[in-house]
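# Residue-level structure breakdown
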Amino acid sequence: MPTPLEIKGQLASEGFAAGPIWLAQDRLVPSYERKDTWQAEAQALADCVATASGQTAELVENAQGDAADILEFQLAMLEDDTFVEAATELIEAGLGADMAWREVLDDEIAGYEASDDEYFRARAADLRDVKDRVLVALTGAAVEIIPKGSIYLADDIAPSLFLSHDWSGGGLALRDGSVTGHVAMLARQRGIPTLVGLGDFVCPENVSALLHGGLQTLIVSPSEQIRQQFDLARMEFDAARLRAQNFSDRPAVTDDGTAISVMVNIADPAEVENIPIQHVDGVGLMRTEFLFGHASGLPGEEIQYLAYKKVLDWSRGKPVTIRTVDAGGDKPIRGFTEDEMNPFLGMRGIRLTLKNPDIFRLQIRALLRAGVHGQLKVMLPMVAVPEELDETIKQFEVEASALAQEGVAYQMPKIGIMVEIPSVAILPNRFSKASFLSIGSNDLTQYVLAASRDNGKLADLAKADDPAVLALIANVAHYGAKHGVDVSLCGDAGSDVSIIPKLLQAGVTTLSVAASRIGLVKSTIADIDLGSDRKSRLFDEAHADFSHKLGVLHSDNKK
Amino acid sequence: MVAQTDIVITHRVGLHARPSVKFTKLAKTFDCKIEVSVNDTDKWIDAKSIVKIMGMKAPAGTQLHIRADGAAADEAVAALHGLVERDFDERQGAVPADEKIADANSA
């Protein structure tokens, strides 16, 4: 019995697969035969590019949707003379057709790989595919045939190879790869379990393996015990997915009839195009970092205004909560954030924007102008003391009167804060000017437990359902209920099925979650019975003091 | 006849694969010479070559200059301007090609 091997990667597409490992073959045997003249070389290349174009065009005809788009893009690349012209120059200088093609494409691929933008980096895989298709035509190499139901282990995979194989029952385990690549996207749409970024390790061919999407792990030669756990997890996953599908378009209600608001988190305005508005009660968190993350520089007022307006236009009067730019920490932005020893405890969020009034001003103006298009709420990240809120409100007022003088339409939004620094969670009443509170459970957890959320070794510490974290959440929910201030939670805990019941117990009534989790969160809520606990819920204990709450939650947790 | 226009790319991932295909296909329907440059670099490239258009790697927020010289230059520039302005007509259902993992496994 070989020793089990467990390799952790990144999840590119959810799911579970069990099957034999199929090691990718090196498809390109260098068997190209040189021609007598450079003209013959150039002709050979032109012919093979035409062959590759023809094959791709055939694939386009049989493909649909995004697969067709990808192939069409590759076809357009093949039909463009730019590569052939560059390669022909090299051929004239003495290179063989295969080497010339390889050199031109490798250069281009390197250019994509060096891009700052992850999207363009991911396109390198398409160019590799284009390169290989022509090389296969030149050298006559055979195309790999992958046995059905196997787990395909490779550095990466060409989109065309991915599309030419029926992956049902199998999965992909890639040593490199990217979660934003075409293959990852296609795998998600087809529901093919896929892990990327597994790195280097030695693996024999044909051994049995499990691809565990839940643990984001590839398990080679699993023990019987691991296999049983895997089967159980897979059954639960399949059942949950099936059930969640039926809940997306229903209102979220617990088993005992308590209505819960489920809102959506978005990172980019274009996402709303795929979210039916009737599935959500609004946007609980719209990030704005996407506007700031580009190599082309910091965004102007107009481009921000259009981005905010787009989401407000989609929302049909439901609340849209937009967070002012939360740079710093794990989100550095060139020309804006600072290099520092301890970025999570440094210049980030509202601290950074208040220090850069010229940049913040444009965002405030864009928000004020967008406010006329719907129910806008503006949320400030990383607030630690009330003065930061006061100062921001003042700046909104200054910009509002400037817009009024310019005769530009605007609407003052509700201004609220994130609850992620313990100082706010402990004494929320100091922030009475905040129109609403939104608990950022990821940062709150890491600050309460002094455990980085990015370090896998601290995963057991950095838990959002730690009693201390839950007590703070209950404290905030209680404050909100007592004073009529809306409280929501927008961290990952809100879509964690094991934590949702505890959050509702703590008095949270609004969750904001990723679009892909809406059905799952609603189906989880439907199973929760707050009935018997309702009278004693922390939330209703108007006079319970803080330490008492901590005690209650602690004993609940031990059950 | 010469025509020129400027426009900011608002499509969220910029001038990427699918928009580049649409852009070059549209450019090819005109007989005039069409060129583009980005962010005032003064490097003009052929708007009909997808390799070159994609090769600019222009993200959202990029200022795109489009110029045309020859027959129907005005129409060519207006058509391409419109395409960029409409986010390359990528609407409902067309976006998942670029979606992020967190939102990918739609339940």
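Every residue gets a number counted from 1 within its own chain, in the order that chain's sequence is written. Each chain takes a letter, starting from A, and each ligand takes a number, starting from 1, following the order in which they are written. Predicted model: local features are reported for residues with pLDDT of at least 70 only, side-chain atom pairs are reported and counted for 80 or more only, and whole-chain, interface and lining totals are derived from all residues. Each side-chain value is worked out from all heavy atoms of the structure, with water and hydrogens disregarded.

### Brief notes about the overall build of chain B
So the rule is basically this: Starting at the N terminus, helices and strands are each numbered in turn, a helix being any DSSP run of H or I of at least four residues and a strand any DSSP run of E of at least two. Here's how the labels work: a residue is buried when its accessible area is under 20% of the maximum for its type, exposed when over 50%, partly exposed in between, all with a 1.4 Å probe on protein chains only. Any two residues having at least one pair of non-hydrogen atoms within 4.5 Å are treated as being in contact.
A tally of helices and strands in chain B yields 3 helices and 4 strands. Moving toward the C terminus, one meets the helices and strands of chain B in the order β-α-β-β-α-β-α. Residue burial in chain B is summarised as follows: out of 107 residues, 56% are buried. For chain B, the share of sequence-separated contacts (at least 6 apart) that also reach a separation of at least 24 residues comes to 76%.

### Observations concerning the overall build of chain A
Stated formally: Using a 1.4 Å probe, accessible areas were evaluated by the Shrake-Rupley method; residue-level cover was limited to the displayed protein chains.
Counting its regular elements, chain A contains 20 helices and 17 strands. Counting all 559 residues of chain A, 55% fall into the buried class. When the accessible surface of chain A is split by element, carbon and sulfur atoms take 51% of a total near 24100 Å².

### Concerning the packing of aromatic side chains
Residues and elements named next belong to chain A. Operational definition: Each Phe, Tyr or Trp ring (for Trp, its six-membered ring) is paired with any other whose centre lies within 6.5 Å, and the angle between the two planes then decides the class: stacked below 30 degrees, edge-to-face above 60, tilted in between. In this scheme, Lys NZ or Arg CZ marks a charge over a ring once it lies within 6 Å of the ring centre and within 35 degrees of the ring normal.
One pass over the full model with this rule turns up 6 aromatic pairs over all chains. Look at Phe16 and Phe230: their rings are 5.5 Å apart centre to centre, the planes differ by 70 degrees, and that puts the pair in the edge-to-face class. Taken together, the positions of Phe16 in strand S3 (residues 16-23) and Phe230 in helix H9 (residues 224-245) put the pair 214 residues apart, joining distant regions of the chain. The same class applies to Phe16 and to Phe230, which are both buried. Taking the centre distance of 6.2 Å and the plane angle of 90 degrees together, the rings of Phe83 and Trp101 count as edge-to-face. With Phe83 in helix H3 (residues 81-92) and Trp101 in helix H4 (residues 97-113), this pair connects stretches of sequence that are 18 residues apart. Here Phe83 matches Trp101 in class, with each residue buried. Lying across the ring of Tyr119, Arg123 places its NZ or CZ 4.1 Å from the centre.

### Points about the packing of helix H2 (residues 65-79) of chain A against helix H1 (residues 17-28) of chain B
Working note: a packed helix pair is described by the angle between its axes plus the distance between those axes. To be explicit about the condition: To get an axis, a line is fitted to the C-alpha atoms, and for a helix only the part in contact is used. The angle between two axes follows their N-to-C directions and goes from 0 to 180 degrees. For this classification, under 35 degrees means roughly parallel, over 145 means roughly antiparallel, 65 to 115 means roughly perpendicular, and everything else is oblique. Each helix crossing is assigned a hand: it is left-handed if the near helix lies turned anticlockwise from the far helix by less than a right angle, otherwise right-handed if that turn is clockwise. Throughout this entry, Asp, Glu, Lys and Arg are counted as charged residues, while Ala, Val, Leu, Ile, Met, Phe, Trp, Tyr, Cys and Pro are counted as nonpolar. The remaining residues, Gly among them, count as polar.
Close contact between H2(A) and H1(B) brings their axes to 9 Å; oriented N to C, the two are set at 55 degrees. As the angle between them shows, H2(A) and H1(B) are arranged oblique. As H2(A) runs across H1(B), the sense of the crossing is left-handed. Side by side, H2(A) and H1(B) meet where A:Asp66, A:Asp69, A:Glu72, A:Phe73 and A:Ala76 of the first sit next to B:Ala17, B:Arg18, B:Val21 and B:Lys25 of the second. For the contact of H2(A) with H1(B), the class distribution of residues is 4 nonpolar, no polar and 5 charged.

### Structural notes on the sheet that holds S3(A)
Residues and elements named next belong to chain A. Using the following cut-off: Paired strands, as defined in this entry, are two strands with at least two bridges between them according to DSSP.
Pairing is mixed across the open sheet formed by 8 strands, whose spatial order is S1-S8-S7-S3-S4-S5-S6-S2. The open sheet has two edge strands with one neighbour each: strand S1 (5-8) and strand S2 (10-13). Geometrically, the sheet is characterised by an average inter-axis angle of 25 degrees between neighbouring strands, direction not taken into account. Sitting on the sheet, H9 is in contact with S1, S3, strand S7 (208-212) and strand S8 (217-220), with an inclination near 125 degrees to S3.

### Here we look at the confidence of the model for chain B
Residues and elements named next belong to chain B. For clarity, the threshold we go by: For every residue, the predictor states its confidence as a pLDDT score lying anywhere from 0 to 100.
Looking at chain B as a whole, the pLDDT averages 81, with 84% of positions reaching at least 70. Every residue in residues 92-107 is under pLDDT 50, and counting partners more than four places away or in other chains gives 53 contacts. Complex prediction metrics read pTM 0.59 and ipTM 0.80.

### Digging into a negative patch on the surface
For clarity, the cut-off: The patches reported here contain residues having more than 30% relative accessible area and no salt bridge. Joining distances are 9 Å for like charges and 5 Å for nonpolar side chains (Val, Leu, Ile, Met, Phe, Trp, Tyr). Note on definitions: salt bridges are taken to be side-chain nitrogens of Lys or Arg within 4 Å of carboxyl oxygens of Asp or Glu. Here the positive residues are Lys and Arg and the negative ones are Asp and Glu; neither His nor the chain ends is included. Note that the charge is assigned to NZ on lysines, CZ on arginines, CG on aspartates and CD on glutamates.
Side chains of A:Asp81, A:Glu85, A:Glu89 and A:Glu92 sit close together on the surface and give a patch of like negative charge. The topology assignment puts A:Asp81 in helix H3.

### Comments concerning the sheet that holds strand S1 (residues 2-8) of chain B
All names here are of chain B. Here 4 strands make up an open sheet; going across it, the order is S1-S4-S2-S3 and the pairing antiparallel. Edge positions in the open sheet fall to S1 and strand S3 (45-46), since each of these has one partner strand only. Taken together, the 7 bridges between S1 and strand S4 (residues 63-69) define a ladder with antiparallel strand orientation. In the strand pairing of S4, Ile7 is matched with Leu64.

### Regarding the side chain of A:Ser495
Locating A:Ser495 in the fold gives a position in the loop between strand S16 (486-489) and helix H18 (500-505). With near-sequence residues (within four places) excluded, A:Ser495 lies in contact with A:Ile500, A:Val513, A:Arg517 and A:Val521.

### A look at the packing of helix H11 (residues 301-314) of chain A against helix H13 (residues 357-370) of chain A
Residue and element names in this part refer to chain A. Close contact between H11 and H13 brings their axes to 8 Å; oriented N to C, the two are set at 35 degrees. Remark: the crossing between H11 and H13 carries right-handed chirality. Along the contact surface, H11 presents Glu301, Glu302, Gln304, Tyr305, Tyr308, Lys309 and Leu312, while H13 presents Leu362, Gln363, Arg365, Ala366, Leu367, Arg369 and Ala370. In terms of residue class, the contact of H11 with H13 is made up of 7 nonpolar, 2 polar and 5 charged.

### Things to note about H3(A)
To keep it simple, the criterion reads: Helices are assigned an expected span. That span is 1.5 Å times one less than the residue count.
Between its first and last C-alpha atoms H3(A) spans 16 Å; for 12 residues at 1.5 Å apiece the expected length is 16 Å, and the two agree. Along H3(A), the residues that are buried comprise A:Thr82, A:Phe83, A:Val84, A:Ala87 and A:Ile91. Those residues of H3(A) hidden inside the fold are in contact with helix H1 (38-62), H2, H4 and helix H6 (124-139) of chain A together with helix H2 (50-55) of chain B. Trailing H3(A) by a residue or two, A:Gly94 shows a phi angle of about 120 degrees, which is positive.

### Digging into the pattern of salt bridges
Residue and element names in this part refer to chain A. Considering all chains together, one arrives at 28 salt bridges over all chains under this definition. Arg369 serves as the salt-bridge partner of Glu302, at 3.4 Å between the closest nitrogen and oxygen. Of the two residues, Glu302 sits in helix H11 while Arg369 sits in helix H13, which places them 67 residues apart along the sequence. Judged by its relative accessible area of 43%, Glu302 is partly exposed. One salt bridge in this structure joins Asp326 and Arg348, with 3.8 Å as the shortest N-O distance. Here Asp326 is found in the loop between strand S12 (320-323) and helix H12 (350-355), whereas its partner Arg348 is found in the loop between S12 and H12, with 22 residues between them in sequence. Pair check on accessibility: Asp326 and Arg348 agree, each one buried.

### Brief notes about the environment of A:Ala158
All names here are of chain A. Position of Ala158 among the secondary structure elements: in the loop between strand S4 (151-154) and helix H7 (159-163). Given a relative accessible area of 11%, Ala158 falls into the buried group. Ala158 sits 25 residues away from Val183 along the chain, and the two C-alpha atoms are 7.6 Å apart.

### Section: the side chain of A:Thr524
Considering the arrangement of structural elements, one finds A:Thr524 in helix H19 (residues 518-526). In this view, A:Thr524 contacts A:Val497 and A:Ile500; residues no more than four positions away in its chain are not counted.

### Quick word on helix H16 (residues 441-449) of chain A
All names here are of chain A. Residues of H16 that are buried include every one of Ser441, Asp443, Leu444, Thr445, Gln446 and Tyr447, and no others. In this structure, the buried residues of H16 make contact with strand S14 (414-419), helix H15 (422-426), strand S15 (436-439), helix H17 (467-483) and S16. A positive backbone phi angle near 50 degrees is found at Ala450, which sits one or two residues after H16.

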